[in-house]
Amino acid sequence: MLLSGKTALVLGIANRWSIAYAISAAYVREGAKLILTYQSERQKATVEDLSAELKAFKVLPCDVTKPEELDSLVSQLRIDAGRIDACVHSIAFANREDLSRPFLETSRDGFLLAQEVSAYSLVAVARAIAPLMPDGGSIQTLTYLGSTRVVTNYNVMGVAKASLEASMRYLASELGSKNIRVNAISAGPIKTASARAVKDLTKMLDAFAEHAPLRRNTDPAEVADTSVFLASDLGRGVTGNVIFVDAGFQIMGLA
Ligand code: 0WD
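Calculation notes
Residues numbered from 1 in each chain as written. Predicted model: local features only at pLDDT ≥ 70, side-chain atom pairs only at ≥ 80, totals over all residues. Heavy atoms only, no water. Core = buried A, V, L, I, M, F, W, Y, C linked by side-chain atoms within 4.5 Å. Buried < 20%, exposed > 50% of the residue type's maximum accessible area, 1.4 Å probe, protein only. Helix = DSSP H or I, 4+ residues; strand = E, 2+ residues; numbered from the N terminus. Contact = heavy atoms within 4.5 Å. Near = heavy atom within 4 Å. Polar contact = N/O pair within 3.5 Å; in protein donor to acceptor, adjacent residues only side chain to side chain. Areas by Shrake-Rupley, 256 points an atom, 1.4 Å probe, with all protein chains shown as cover. Nonpolar A, V, L, I, M, F, W, Y, C, P; charged D, E, K, R; others polar. Pairing = 2+ DSSP bridges. Axes fitted to C-alpha atoms, helices over the stretch in contact; angles between N-to-C directions. Parallel < 35°, antiparallel > 145°, perpendicular 65-115°, else oblique. Left-handed = near helix turned anticlockwise from the far one by under 90°.

**Quick notes on the nonpolar core**
Membership of the largest hydrophobic core comes to 33 residues, with the highest contact counts inside it found for Leu9, Leu11, Leu77, Ile129 and Ile139. Contributing elements (two or more residues each) for this core: strand S1 (7-11), helix H3 (67-80), helix H4 (108-129), helix H5 (155-175) and strand S6 (180-187). Per element, the largest residue contribution to this core is eight residues, and it comes from H4. Here Leu9 is in contact with Ile35, Thr37, Leu73, Leu77, Ile84, Ala86, Cys87, Val88 and Ile129, once residues within four sequence places are set aside. Core analysis: the second largest hydrophobic core is formed by 32 residues, Tyr38, Val88, Ala187 and Ile190 among them.

**Structural notes on the site of the ligand**
If you check the shell around the ligand, you find 28 residues, and the closest are Ser18, Ile19, Ile190, Thr192 and Ser194. Between the ligand and the protein, one listed contact pairs an oxygen atom with a backbone N or O atom of Ile19 at 2.8 Å. Calculation on the ligand without its partners gives an accessible area of 860 Å², and the protein chains cover 93% of this total. The set of elements that each furnish at least two residues to the shell around the ligand consists of helix H2 (41-54), strand S5 (137-143) and helix H6 (193-196). Counting residues per element, the shell around the ligand draws most heavily on H6, at three residues. Residues that form the shell around the ligand fall into these classes: 15 nonpolar, ten polar and three charged.

**Notes on the sheet that holds strand S3 (residues 58-61)**
Across the sheet, seven strands lie side by side as S3-S2-S1-S4-S5-S6-S7; this open sheet has parallel pairing. Looking at strand neighbours, the two that pair on one side only are S3 and strand S7 (242-245), the edges of this open sheet. Here the average twist between neighbouring strands, direction ignored, is 20 degrees. Judged from the four bridges that link them, S6 and S7 form a sheet pairing that is parallel. Residue Ala184 lies in a different strand from S7, and its bridge partner there is Val242.

**Quick look at the packing of H3 against H4**
Packing of H3 against H4 brings their axes to within 10 Å, and their N-to-C directions diverge by 30 degrees. Our classification of the angle between H3 and H4 gives roughly parallel. H4 is crossed by H3, and the crossing has right-handed handedness. Seen from H3, the contacting residues are Leu70, Val74 and Leu77; seen from H4, they are Ala124, Val125, Ala128 and Ile129. Looking at the contact of H3 with H4 residue by residue, the class counts come to seven nonpolar, no polar and no charged.

**Examining the packing of helix H1 (residues 19-29) against H2**
It is at 10 Å that the axes of H1 and H2 come closest, and there the two elements cross at 25 degrees. In terms of orientation, H1 lies roughly parallel with respect to H2. Judged by the twist between their axes, the crossing of H1 over H2 is right-handed. Only Leu50, Glu53 and Leu54 of H2 make contact with H1, whose side of the interface consists of Tyr21, Ser24, Ala25 and Val28. Residues that form the contact of H1 with H2 fall into these classes: five nonpolar, one polar and one charged.

Shown next as structure tokens:
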């Protein structure tokens, strides 16, 4: 029960296959009081069902690109929970065509959209939630190796993840004095709705399992357990890091 007595806010469940769902399940297993958000009416019923299954304390709406929704989320959290100990940002979006055509063809709007939803939203969420962490806490985001290496078809999302990771470091530096730790978990590829938008995902998964030191793909439950560590007191000395949970893939050069 590593998270007993802690309240956790998880943003980014779309369905049962979402990494945020695996994280939520692990948080409940470890005794956290869980609060979930859903992006829009499209996800509401699914997230409410999953929340009932997980016995979450609360489900609230929040599209992170809408400042007024972040404001009302914070007001509601103040009333319902008072305090947040861990906050997981598991959100990304890019236009599907920007994840298949050459990077050179990326439109200005597509570039800015990916940056807004996938990178700037971490800054907006951290600014909103930090005041609810008066004694410190853990803010986490999910990233991918395409931030620093060229991964075919990841394109505009790789650039957004680079921006996300840099944002994470600046936030860690500024929030450290408040004992708020900010980290990113870099997961290996996992078959989720978002990942399916990347052209040739199946090929990517096969190549990954072949070349990763552990010779297999990444299990969302492994990502979730690392998130538990970061949210728990065991992670108290860790901030500003990208922690790879990817079966070791990122160490490989020519395999
Ligand atoms: O291989 C993978 N699946 C990896 C994912 C490897 C490494 C990292 N990641 C990252 C993703 O880039 C993302 O940051 O993990 C995070 C979670 O992604 P996921 O679990 O793979 O994907 P998914 O289940 O689709 O959850 C992402 C959700 C959205 O889902 P849909 O499918 O509806 O686009 O992010 C949410 C939304 O629910 N989301 C938003 N939430 C609030 N406000 C917004 C928004 N504006 N936009 C997207």
